[in-house]
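# Structure at a glance
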Amino acid sequence: MADYNSRYRDSVFRSYFNEPVRLLSLCNAILATQYTNPDELNINTLEGIFFDKQKNDISCTIDNHFLVLVEHQTTVNENMPFRCLSYVAELLNNLIKNKNKLYKKGLIKFPKPKFFVLYDGNEYEPLQRQMHLSDAFDGDSDSLELVVTAFNINYGLPQPLLQHCRYLFDYSTLVGKVKEGIRLGLSRRDAIRRAVKFCLDNGIMGNYLVEHSEEVFNML
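Quick look at the structure, then. Here the structure is a predicted model, which is why all the values come from computation and not from measurement.

## Description of the packing of aromatic side chains
Under the counting rule described, the total for this entry stands at seven aromatic pairs. Centroid distance Tyr 16 to Phe 17: 5.1 Å. Interplanar angle 75°. Geometry classified as edge-to-face. In terms of burial, Tyr 16 and Phe 17 fall into one category: buried. What links up through ring pairs into an aromatic cluster is the set Phe 13, Tyr 16, Phe 17, Tyr 167, Tyr 171 and Tyr 208. A cation sits over an aromatic face here: Lys 177 above Phe 198, 4.3 Å from the ring centre.

## Description of the sheet that holds strand E5 (residues 128-132)
The strand order across the open sheet built from six strands is E1-E2-E3-E4-E6-E5, with neighbouring strands paired in mixed fashion. This sheet does not close on itself; its edge strands, each paired only once, are strand E1 (41-43) and E5. Pairs of neighbouring strands in the sheet enclose a mean axial angle of 25°, with direction left out of account. Looking at chain direction, strand E4 (residues 112-119) and strand E6 (residues 147-152) are connected through four bridges and run parallel. Looking at the pairing, Leu 118 lines up with Phe 151 of E6.

## Quick notes on the pattern of salt bridges
If you walk through the whole model with that rule in mind, you get seven salt bridges. For Glu 78, the salt bridge is made with Arg 129, and the minimal N-O distance between the two is 2.8 Å. A residue pair is termed long-range when its members are at least 10 positions apart, and Glu 78 in the loop between strand E3 (66-73) and helix H3 (80-95) and Arg 129 in strand E5 qualify at 51 residues. In this structure Glu 78 comes out as partly exposed when scored by relative accessible area, which is 49%. The class for Arg 129 is partly exposed, based on a relative accessible area of 21%. In this structure, Arg 194 and Glu 180 form a salt bridge, with 3.0 Å as the shortest nitrogen-oxygen distance. In this pair, Arg 194 is assigned in helix H6 (residues 188-201) and Glu 180 in helix H5 (residues 166-183), connecting sequence segments 14 residues apart. Among the charged side chains, a salt-bridge network with shared partners connects Glu 78, Glu 125 and Arg 129.

Each value, and the rule that gives it
Residues numbered from 1 in each chain as written. Predicted model: local features only at pLDDT ≥ 70, side-chain atom pairs only at ≥ 80, totals over all residues. Heavy atoms only, no water. Phe/Tyr/Trp six-rings, centres within 6.5 Å; stacked < 30°, edge-to-face > 60°. Buried < 20%, exposed > 50% of the residue type's maximum accessible area, 1.4 Å probe, protein only. Lys NZ or Arg CZ within 6 Å of the ring centre and 35° of its normal. Pairing = 2+ DSSP bridges. Helix = DSSP H or I, 4+ residues; strand = E, 2+ residues; numbered from the N terminus. Axes fitted to C-alpha atoms, helices over the stretch in contact; angles between N-to-C directions. Salt bridge = Lys/Arg side-chain N within 4 Å of Asp/Glu carboxyl O.

Below, the structure written as structure tokens:
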């Protein structure tokens, strides 16, 4: 049941933020940037690259300056730095149109990679922390490092990202209201129905729930 609930929330997260305006707002919040033109953003989320053909959640380039990978977690996964290493290697490889350039003298320039996790599970997690690939090497790596910044976006927490990105606040509210309904003893379906009604009544998640509410129910 926990794995099923995790997949449901992951799919809603991907669906909601797989849209340039929402994703650009999220990237601005986590990068502390002020991009305004969604055309500067190119979504390049991978499919079927990991051992079990798992997709990464969201990845994009912004103005050829940043390569941003955003992962969504409902359970703590300390292997995320290694997973991001696998993802970014594939993404960077995809950015090289002519592979022969790898064997030439000139340096190939890439967008700056940034790695983030957005966590909304039930385990205790600080508002923000970092995970390091070097932890897998007993904390000692002179030649290889990758840092993932994890944010706890649970509804009701004083998380600055929720203040700086309305779309993320709305998503957190929907998930929080679903969990609230379950704590009240409702079935998962009724908890989702209650949460969706609350969001629609309060203008949360805008037209997304109007257009996709039936899909959310079908996730059950």
